[in-house]
Amino acid sequence: MNQDRLTCVELNQVRINDSFWNRYIHLVDEVILPFQWELINDRVEGAEKSYCIRNFRIAAGEEEGEHKGMVFQDTDVAKWLEAVAYSLAKKPNPELEKTADEAIDLIARAQCEDGYLNTYYTITGKPRWSDLQEGHELYTAGHMIEAAVAYYEATGKRKFLDVVSRFADYLWEVFGEEEGKIHGYPGHPEVELALVRLYRATGEKKYLELANYFVRNRGKRPCYFEGEECVQKKEYIFPEFADFDLDYMQAHQPIEEQKTAEGHAVRAVYLYSAMADLAGEYQDQRLLEQCDELWKNITQKRMYITGCIGSASFGERFTSDYDLPNDTNYSESCATIGLAMFSNRMFQITRDAKYMDVVERALYNTLLSGIALDGRHFFYVNPLEVVPQVAEHNPAMNHVKTTRQEWFGVACCPPNIARTLASISNYIYAVDEKENTLYSSLFISSELTASLGKQKVRLRLTADYPRSGELLYEVLSASGTEVTLAIRMPDYAEGFSVRVNGKEAEGKQKQGYLYLKQNWTMGDRITVSIGVPFRFVYCNPRVHENLGKIALMKGPQVYCLEEADNGSYLKSIAVSADTPVTEEYEASILNGTLCARFKGERIDYRQADDCLYGKNAPVYIEDTFTAIPYCEWNNRGKGEMVVWMREKRD
C-alpha cells in the first residue's frame, strides 16, 4: 500500500437536488429529526417507550427512578445527535441546534467525574466492564464518540467532543496489554471505528492505538469472554446468549484467521469497517487483503439481491454460504448500513468501483425500504417475500412485521437510517487531493465545491437516475489547472459512453472508473450515457430458495410485486425472462413512481377446489403485472409482496 485514502467532500459543500432522493432526504429535517426527538422523550402516544432522555436525567441526578430500556439505550440519543450534526452541517437551524445543545448539556451532566459515561451502569450501580460480552458499554461509547465528532465538525463546538475525549482517555487507562489493565474487547464492535474517527478529529494517537488494540486482540486464546464471571455462572442479560457460540461475536478465532463472515451481521460489518480503517492508517496490506476476502464472502455468497445481510433471525446473523431464505430472513436495516460503511471504506483505500456497486445496491434498496414515505414508520427487518396471513400467525416469523412500525423497544435502526440519509453525500463523491482527482460514485443530482490541492472546482451533476441513464456534469468554476474527474462505470451498465463538450471522450479505465484528465474551464460539459434498461436477473443456483426464479432490476434498483397492484397469491405468478417490460411513470402511485409492466401467467384460484391434495392440475391464466421499486413496498397498506418470481419456460 502506497496511497492515502480518499476523503469525503464536506457536507456543506454538497447540495443535493435530486427528484428521487429529495423526498427521503427532506424527511430528515422536516419529519424524522423532530419526530424522533419526541420519541426519545416519550411524547408520541401509542409508540413504544424509549426512556432515553429520562435515563440521562436520572443519571445526572435530576430525576428519581430506575433505568428502563436496553443496556444500550443511550445510543438512540447518540445516533439522533449524529443525524442532527449532519443536518446542521448542510443547513443552519438555530432551533434544532439549541435542542441538540440542551441534549449535549444533559449528557455532560450525566458523565461521571472520571470520564465514564453510560446511564445503565451509572443508574443500576452494576460493576463497570463486568460483562463485555453482553453489556454494550464500549458499543455505546462508540456511538457517543461518533456523534460528538460529527457535531464538532458541523458546528465547531467542543463541549461534546471534550466529553467523549475524557471518556476515551478513561478507556485508554482501563484497557490494554499492560499489567493492571483489562485485556478484553467489546462484544459488539463499534468503538473501534469511532476511536479512529476521534483520532482523525483530534490527532491524538492513543485513540488510534486503542482501536488497534481492540481489533488485534479479538479472538486470541484464551478468549476473554470465556473468562468473564457472568459467562461462567451463565448469568446473561439476554437469555439467548446461552445458546450463542463465540462466532456470534466474531471471537471464535484470532482476527487474522477470520476469512468468512460469521455471527451477528451488524457486529461483523462494524468490525470489518474498523479493520479497513486500520489497514489504511497503518498501511497494512495483509489486513486490507483480509478485509477484501471477508467482503467477497459477504457479497458473493451471503448477500441478498437488495444488498441486505443476515439471513437468520436467531442471532440476527450470517449462517452459511448461499443460505438466503426470502420470507424468514432478518436483514436488519443496521446491517445494510454497516455493509455500506465497510464497502465505502474499502473504496476509499483501493479506488475500486466494485465496492461502490455494493454501496449503491444497499442504499437504493434496503436502506430506503427501512423507512416509510411519511418518515414516521420503520422496518427493522427487511424480507423479500411477505404473505401477511402467514407471517402474522407463524411463530417462526415473529420478527417479520407486515407493516412499518412507529418505534421499537430496540430502536437502533430508525436513528441509524436518519444519520445515513443526512450524510448521504459522503457516498456520492470522494477526493484525492494529491492526485487532483474527484471521484463521482453515485449519480445523484447535486452541486459541489471540491478542494483539490490549492484550488477549488465547482461542479453540477444533473441526473434522473436510474430512471434515465443520461447524466450531465457542468463545470461551474475552475482555475484552469489540470484536474481528473473519475466517473464510476456500474457493473450492471449495458453500454457506457462519455462525451466532453460534444466530442467523444478519451479517458483511462481502471478498476471500474473512467478517468478524464484535462484543464477544465467554466462551461465545460461532460455527458454520460449509461444503459439501464429493465432486466431480469438470475440467482446462483446454489441458492436453493431461488431455483427456477427470476427477479427484475433497473440499474441498482430491485423491483417487487405488491398485492395492491396484482392481487393475492403472488407466488403463483410465472414470468418469462424474455418478456418485454414497459416503463410507465405513474404520478398517482406513491407520489410518483416508475413502474414496470409485463405479461405473464398465474394460477386461477377461482377454479381451484377445496381438496388439499389431488390429481387436478392448477389452471393458469395470462395476466399483466405491475412492479414497483422494492424500497417503496408497504406504503399503501398491508398486503403480499414478492421479489423473486417463478420463471416461465416454454
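Every value quoted in this text rests on a predicted model; they were computed, and no experiment measured them.

The buried count for strand 19 (residues 593–603) comes to ten of eleven residues, which makes it a mostly enclosed element. Pairing of strand 18 (residues 582–586) with strand 19, which is carried by five bridges, proceeds in the antiparallel orientation. Note on strand 19: the bridge partner recorded for Glu-586 is Thr-593. Counted along the chain from strand 18 to the antiparallel partner strand 19, the turn is six residues long, and its residue Leu-590 has a positive phi close to 55°. Relative to strand 20 (residues 620–629), strand 19 runs antiparallel, the two sharing eight bridges. Each residue of the ladder has a partner; that of Lys-599, found in strand 20, is Thr-624.

Helix length check: helix 11 (residues 265–281), at 17 residues, gives a terminal C-alpha distance of 24 Å against a target of 24 Å (1.5 Å per residue), a fit within 8%. Of all 17 residues that make up helix 11, 16 are buried, and the element is covered over most of its length. Phi turns positive one or two residues past the end of helix 11, at Gln-283, with a value near 50°.

An order of 3-4-8-12-11 is seen for the five strands of this open sheet, with the pairing classed as mixed. Unpaired on one side and paired on the other, strand 3 (429–432) and strand 11 (508–510) mark the two borders of the sheet. Strand-to-strand twist in this sheet, taken as the mean axis angle between neighbours without regard to direction, amounts to 25°. The strands that helix 14 (residues 353–369) touches are strand 8 (482–488) and strand 12 (513–519); relative to strand 8, the one it contacts most, it runs at about 55°.

Moving on to the packing of aromatic side chains. The tally for this structure, following the rule as stated, stands at 35 aromatic pairs. When the ring of Phe-244 is compared with that of Tyr-248, the centres are 4.1 Å apart and the planes differ by 20°; the resulting orientation is stacked. Comparing Phe-244 with Tyr-248, the two get one shared label, buried. An angle of 85° between the planes, with centres 5.9 Å apart, marks the rings of Phe-536 and Phe-598 as edge-to-face. Taken as a pair, Phe-536 in strand 14 (residues 534–537) and Phe-598 in strand 19 lie far apart in primary sequence, 62 residues in all. On the accessibility criterion, Phe-536 (14% relative accessible area) is buried. Every member of this aromatic cluster is reached through a ring pair, and the members are Phe-72, Tyr-139, Phe-238, Phe-241, Phe-244, Tyr-248 and Phe-314. Just above the ring of Tyr-116 sits the side chain of Arg-128; from NZ or CZ to the centre is 4.0 Å. The aromatic ring of Tyr-585 is capped on one face by Arg-467, whose charged end is 4.3 Å from the ring centroid.

Of all hydrophobic cores here, the largest spans 219 residues; its most connected members are Phe-160 and Ile-526. Discounting residues that sit within four places of it in the chain, Phe-160 has contacts with Leu-81, Ile-104, Ile-107, Met-144, Ala-147, Ala-148 and Tyr-151. Counting residues in each nonpolar core, the second largest holds 16 residues, with Phe-534, Leu-552, Leu-561 and Leu-594 among its members.

In this section: the sheet that holds strand 6 (residues 455–463). One open sheet holds the seven strands; their spatial order is 1-5-6-7-13-9-10, and the pairing between them is antiparallel. Edge strands, defined here as strands with exactly one partner in the open sheet, are strand 1 (14–16) and strand 10 (503–504). Examined bridge by bridge, strand 9 (residues 496–500) and strand 13 (residues 525–530) share five bridges and lie antiparallel to one another. Considered in strand 13, the bridge of Val-498 is made with Val-528.

Enumeration over the complete set of coordinates arrives at zero disulfides. With no disulfide partner, Cys-539 has as its closest neighbouring cysteine sulfur the one in Cys-308, 12 Å distant. Not part of a disulfide, Cys-631 finds its nearest cysteine sulfur in Cys-560, a span of 8.6 Å. The class of Cys-631 is buried, set by a relative accessible area of 0%.

Conventions and cut-offs
Residues numbered from 1 in each chain as written. Predicted model: local features only at pLDDT ≥ 70, side-chain atom pairs only at ≥ 80, totals over all residues. Heavy atoms only, no water. Buried < 20%, exposed > 50% of the residue type's maximum accessible area, 1.4 Å probe, protein only. Helix = DSSP H or I, 4+ residues; strand = E, 2+ residues; numbered from the N terminus. Pairing = 2+ DSSP bridges. Expected span 1.5 Å × (residues − 1). Axes fitted to C-alpha atoms, helices over the stretch in contact; angles between N-to-C directions. Contact = heavy atoms within 4.5 Å. Phe/Tyr/Trp six-rings, centres within 6.5 Å; stacked < 30°, edge-to-face > 60°. Lys NZ or Arg CZ within 6 Å of the ring centre and 35° of its normal. Core = buried A, V, L, I, M, F, W, Y, C linked by side-chain atoms within 4.5 Å. Disulfide = S-S within 2.5 Å.

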